[in-house]
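Analysis of the macromolecular model
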Amino acid sequence: QAQLVEFGGGLVQPGGSLRLSCASAGITFPMYTVGWYRQAPGKQRELVANIRSSDSINYADSVKGRFTISRDNAKGTVYLQMNSLKPEDTAVYYCNAKHSVLPTHEYWGQGTQVTVSS
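Let me sum up the structure you'll find in this document.

Thresholds applied
- Residues numbered from 1 in each chain as written.
- Predicted model: local features only at pLDDT ≥ 70, side-chain atom pairs only at ≥ 80, totals over all residues.
- Heavy atoms only, no water.
- Buried < 20%, exposed > 50% of the residue type's maximum accessible area, 1.4 Å probe, protein only.
- Helix = DSSP H or I, 4+ residues; strand = E, 2+ residues; numbered from the N terminus.
- Pairing = 2+ DSSP bridges.
- Polar contact = N/O pair within 3.5 Å; in protein donor to acceptor, adjacent residues only side chain to side chain.
- Contact = heavy atoms within 4.5 Å.
- Core = buried A, V, L, I, M, F, W, Y, C linked by side-chain atoms within 4.5 Å.
- Disulfide = S-S within 2.5 Å.
- Patch = residues over 30% accessible without salt bridge, like charges linked within 9 Å, V, L, I, M, F, W, Y side chains within 5 Å.
- Areas by Shrake-Rupley, 256 points an atom, 1.4 Å probe, with all protein chains shown as cover.
- Salt bridge = Lys/Arg side-chain N within 4 Å of Asp/Glu carboxyl O.

A short note on the pairing of strand S11 (residues 112-116)
- Residues Thr 112, Val 114 and Val 116 of S11 are buried on one face, while the alternating residues Gln 113 and Thr 115, pointing to the opposite face, are not.
- Where strand S2 (residues 10-12) lies against S11, three bridges are found, and the strand directions are parallel. Within S11, the position partnered with Gly 10 by the bridge is Val 114.
- Note: strand S9 (residues 91-99) against S11, three bridges, orientation antiparallel. Opposite Val 92, over in S11, you have Gln 113 as the bridge partner.

Points about the side chain of Arg 38
- Tracing the backbone through its elements, the reader meets Arg 38 in strand S4 (residues 32-39).
- Note on Arg 38: relative accessible area 6%, which makes it buried.
- For Arg 38, the side chain forms a polar contact with the side chain of Tyr 93, separated by 2.9 Å.
- The contact partners of Arg 38, leaving out residues within four places of it in the chain, are Gln 44, Arg 45, Glu 46, Val 48, Ser 62, Val 63, Phe 67, Glu 88, Asp 89, Ala 91, Val 92 and Tyr 93.

Describing the nonpolar core
- By size, the foremost hydrophobic cluster in this structure holds 28 residues, and its most contacted members are Trp 36, Val 48, Phe 67, Val 78, Leu 80, Met 82 and Tyr 93.
- Going through the elements one at a time, strand S3 (18-25), S4, strand S5 (46-51), strand S7 (67-72), strand S8 (77-82), S9 and S11 are the ones with two or more residues in this core.
- Counting residues per element, this core draws most heavily on S9, which supplies four residues.

As for the state of the cysteines
- With the rule as written, the count across this model stands at one disulfide.
- Covalent S-S linkage joins Cys 22 and Cys 95, the inter-sulfur distance amounting to 2.1 Å. The S-S bond linking Cys 22 to Cys 95 shows a torsion near -85 degrees; that makes this disulfide left-handed. Here the residue Cys 22 occupies a position in strand S3, and Cys 95 occupies one in strand S9, the gap between them amounting to 73 residues. Judged on exposure class, the residue Cys 22 and its partner Cys 95 are both buried.

Quick word on the pairing of strand S1 (residues 3-7)
- Here S1 shows a buried face lined by Leu 4 and Glu 6 and an unburied face lined by Gln 3, Val 5 and Phe 7.
- As judged from the five bridges shared by S1 and S3, these two strands associate in the antiparallel manner. Paired with Val 5 across the bridge in S3 is Ala 23.

Focus: a nonpolar patch on the surface
- On the surface, a cluster of nonpolar side chains totalling about 260 Å² of accessible area is made up of Met 31, Val 101 and Leu 102.
- Counting through the fold element by element, Leu 102 comes out in the loop between S9 and strand S10 (106-108).
- Here Leu 102 falls in the partly exposed class, since its relative accessible area comes to 42%.

So, unusual backbone geometry
- A positive phi angle is found at Asp 55, which is not glycine, with a value near 75 degrees.
- Among the residues examined, Asp 55 registers a relative accessible area of 46% and is labelled partly exposed.

In structure tokens, the structure reads:
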């Protein structure tokens, strides 16, 4: 059974850093585009960053230059390094995995809260 589990959320001051991790199980990880979405209260879920099986990367404009996504295919894990955090980055962050050939094979993690506040 496919499973994604996020780690690393928490409370951080503006300008600080956090690193999120998402460990997978039950999927052929290298075959998946993996990424991070976030949802703030009262807002729609939005893409933060994703990385394809080819290692091509997309970032939301709002996080370019501050966040870095990476993947470790051997560990089946995707990371999101978040630097220079702003209060507007506060949201629940969700890990996502979508098969590169069979897009109906898509999975979500349970989400992890990131709060940026002084």
